[in-house]
Structure formats: C-alpha cells, structure tokens
Amino acid sequence: MLNYYLYPHSTSQKWVTFVHGAGGSSSIWYKQVRDFKNQFNVLILDLRGHGNSKPKLKDTFNPKYTFDAITNDIVEVIDHLEIKKSHFVGISLGTILIRNLAEKRPDLVESMIMGGAIIKMNFRSQVLMKVGNIFKSVVPYMLLYKLFAFIIMPKKNHKKSRLLFVNEAKKLYQKEFLRWFKLTSEINPLLRFFRTKDINIPTFYVMGSEDHLFLPSIKRIVKIHKTSSLFVVDNCGHVVNVEQPETFNKQTINFIASLR
C-alpha cells in the first residue's frame with residue numbers, strides 16, 4: 001500500500017485528499033497542511049515510487065505503469081481507511097489521476113480541485129515529450145527532468161517550485177523515472193476523453209497566469225464543462241500551491257465551503 005499521512009479533525013466529517021505530481025512527493029503540500037487540517041480531515045499520499053512509497057516487488061518486473069494502475073493505488077488507501085467520500089486536491093499530473101479516479105469511482109469524489117492542471121498537451125509539450133522519449137535511455141534522467149522543469153517553470157519567480165521538484169526527483173531511481181515517463185504514451189487519448197466528457201462533479205481549476213503550457217486549454221475547457229470553474233493566480237507559474245500558497249489555500253478552502 002502507498003505511504004500516507006493522516007490528519008484527523010475532531011469534529012469535521014469532510015475529507016480532503018492531496019495527490020502530488022510525477023517527480024514530487026507528499027512534501028510539496030507542506031504549505032497546505034496547517035490551513036486544511038484546521039477545518040477538515042486530511043489525507044496526503046506518496047504515489048508509487050515517490051517519497052516513502054517504495055516500488056512493490058511486482059513493479060521490479062513490470063517495465064510499464066498505467067494511469068489505471070496508479071489510480072487503483074489511491075483507491076486502495078481510500079478504501080482501507082473506509083473514507084466514503086472526499087474532496088481531492090491535485091497538482092500537475094496528480095490532476096490527471098484525480099480525474100481518472102472520478103471516472104472509475106465517482107462515488108468517492110465530492111469535488112476536484114486541480115492546481116496546474118493538465119487537460120491538453122500543446123505543441124510545445126508534445127515536442128518536449130518526443131525529445132524525452134528519444135533521449136530517455138541515453139541521457140541521465142536528472143538532466144532530462146531539470147530540462148523539463150525549466151521549460152515548464154522558466155521564470156525567476158518559479159525557481160522555488162523548480163528546485164523543490166528537482167530535489168524530490170533526485171530520490172527516484174532511473175528505472176522508476178522511466179516507468180513514469182512511459183505513461184506519456186497513453187496521456188493523449190486519456191486527455192482527449194476527459195475533454196469530451198463533462199463529468200457531473202464540481203471541479204475548480206487553480207492556474208498560474210504564467211503557466212504558458214497548460215492555462216490556455218483550461219480556459220477553453222471551463223467554457224464547455226458546466227460543473228467547472230477557474231481561478232487564475234497572478235504572477236504565478238505551474239506549481240500554484242508552492243508559489244502562491246496563501247492565495248491557493250484561501251481560494252480552494254472557499255470553494256469547498258461553497259459546496260456545503
């Protein structure tokens with residue numbers, strides 16, 4: 001089972017589950033924990049191979065991960081803890097996992113809060129993935145990861161987020177990085193399906209105004225999906241919860257409160 005951290009609340013019945021992105025860990029939510037645990041029961045996960053979630057023995061012989069398999073890891077923890085329903089907060093690739101979980105187990109999802117969300121890979125991000133696929137077996141994975149982090153978060157004010165993710169990625173093994181990287185082969189058809197289907201679950205996108213790879217597609221999708229809304233954080237890049245934690249916490253907690 002995945003490594004997880006629980007922060008139970010003495011009176012609240014509401015659960016909030018945090019899902020980080022590829023190369024990160026539960027530690028990226030350190031600026032959210034205090035504000036959220038004051039109002040909700042909080043569950044924070046380390047995805048497989050990240051943080052303190054060590055790869056399972058069977059993963060040693062499995063060269064490929066799938067979004068469904070990684071989503072099932074999350075569901076396993078939720079079911080084990082007997083959580084009937086939760087709000088889910090994700091960042092970057094974690095938003096894809098949350099959306100996939102909502103597709104597989106909508107009964108578990110009270111709402112989705114999507115920070116730095118990925119709903120479409122634009123031309124630049126497609127090229128980035130293709131270059132990565134060409135060089136992933138010959139270039140040290142940390143060089144690739146640093147390049148990706150810089151392209152996604154290029155500005156001076158993104159440096160803190162960039163360094164946080166790079167330092168977390170250093171804890172991954174080369175084989176683990178490659179397994180996660182191979183997820184990109186199934187990302188386009190999955191995102192295409194998500195764009196065409198307006199799932200009937202309240203969804204709140206929180207995006208940085210400088211998230212140049214992913215913000216334009218989110219702006220388009222909220223015009224189509226009736227249960228979706230968007231808040232754009234000024235002077236902020238991809239990892240909104242790290243760059244602008246006060247704004248992120250205020251907006252997301254207010255969103256959850258508005259659903260009561």
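The preceding data block contains the structure.
What comes next concerns the included structure. Worth saying up front: this structure is predicted, and the values here are computed from it rather than measured. (Residues numbered from 1 in each chain as written. Predicted model: local features only at pLDDT ≥ 70, side-chain atom pairs only at ≥ 80, totals over all residues. Heavy atoms only, no water.)

Moving on: the pattern of salt bridges. Going through the model one piece at a time under the given rule, you end up with eight salt bridges. Asp79 is paired through a salt bridge with Arg105; the nearest N and O atoms lie 3.3 Å apart. You can see Asp79 sitting in helix H3 (residues 67–80) and its partner Arg105 sitting in the loop between helix H4 (93–104) and strand S5 (109–115), a full 26 residues away along the chain. Taking relative accessible area as the criterion, Asp79 reaches 38% and is therefore assigned partly exposed. For the salt bridge of Lys197 with Glu103, the shortest nitrogen-to-oxygen distance reads 2.5 Å. Within this pair, whereas Lys197 is found in the loop between helix H9 (187–196) and strand S6 (203–208), its partner Glu103 is found in helix H4, the two being separated by 94 residues in sequence. Salt bridges sharing partners connect three or more residues here, namely Asp79, Arg105 and Asp107. (Salt bridge = Lys/Arg side-chain N within 4 Å of Asp/Glu carboxyl O. Helix = DSSP H or I, 4+ residues; strand = E, 2+ residues; numbered from the N terminus. Buried < 20%, exposed > 50% of the residue type's maximum accessible area, 1.4 Å probe, protein only.)

Now for the pairing of strand S2 (residues 15–19). Within S2, five of the five residues are buried, leaving the element largely enclosed by the surrounding structure. Alternating positions in S2 separate into two faces, Trp15, Thr17 and Val19 on one and Val16 and Phe18 on the other, with burial throughout.

One way to put it is that H4 packs onto H9 with a least axis distance of 11 Å and a crossing angle of 60°. As summarised for this structure, H4 and H9 are arranged oblique, according to the angle between their axes. In this structure, the crossing between H4 and H9 has a hand that is left-handed. Contact residues: H4 offers Ile96, Arg99, Asn100 and Glu103, while H9 offers Ile187, Leu190, Leu191, Phe193 and Phe194. Residues belonging to the contact of H4 with H9 are distributed by class as follows: six nonpolar, one polar and two charged. (Axes fitted to C-alpha atoms, helices over the stretch in contact; angles between N-to-C directions. Parallel < 35°, antiparallel > 145°, perpendicular 65-115°, else oblique. Left-handed = near helix turned anticlockwise from the far one by under 90°. Contact = heavy atoms within 4.5 Å. Nonpolar A, V, L, I, M, F, W, Y, C, P; charged D, E, K, R; others polar.)

Within the span of helix H10 (residues 215–224), buried status applies to Leu215, Ser217, Ile218, Ile221 and Val222. Buried positions in H10, seen along its axis, are confined to an arc of 155° and lie on one side of it. Among the exposed residues of H10, those pointing more than 90 degrees away from its buried face are Lys223 and Ile224. (Arc of directions from axis to C-beta.)

This brings us to the packing of aromatic side chains. Tallied over the full model, the rule gives five aromatic pairs. Ring plane angle 85° and centroid distance 5.1 Å describe the contact between Phe18 and Phe36, whose orientation is recorded as edge-to-face. Of the two residues, Phe18 is situated in strand S2 and Phe36 in helix H1 (residues 33–37); the sequence distance between them amounts to 18 residues. Phe36 carries the same exposure label as Phe18, and that label is buried. Note on Phe36 and Phe40: the rings are 6.0 Å apart at their centroids and 40° apart in plane angle, and the pair reads as tilted. (Phe/Tyr/Trp six-rings, centres within 6.5 Å; stacked < 30°, edge-to-face > 60°.)

Attention now goes to the nonpolar core. Core analysis: the biggest nonpolar cluster contains 73 residues, and Ile74 and Tyr205 have the highest contact counts within it. The residues touching Ile74, leaving out its near neighbours within four places in the chain, are Leu2, Val19, Leu45, Leu47, Phe88, Leu97 and Leu101. (Core = buried A, V, L, I, M, F, W, Y, C linked by side-chain atoms within 4.5 Å.)

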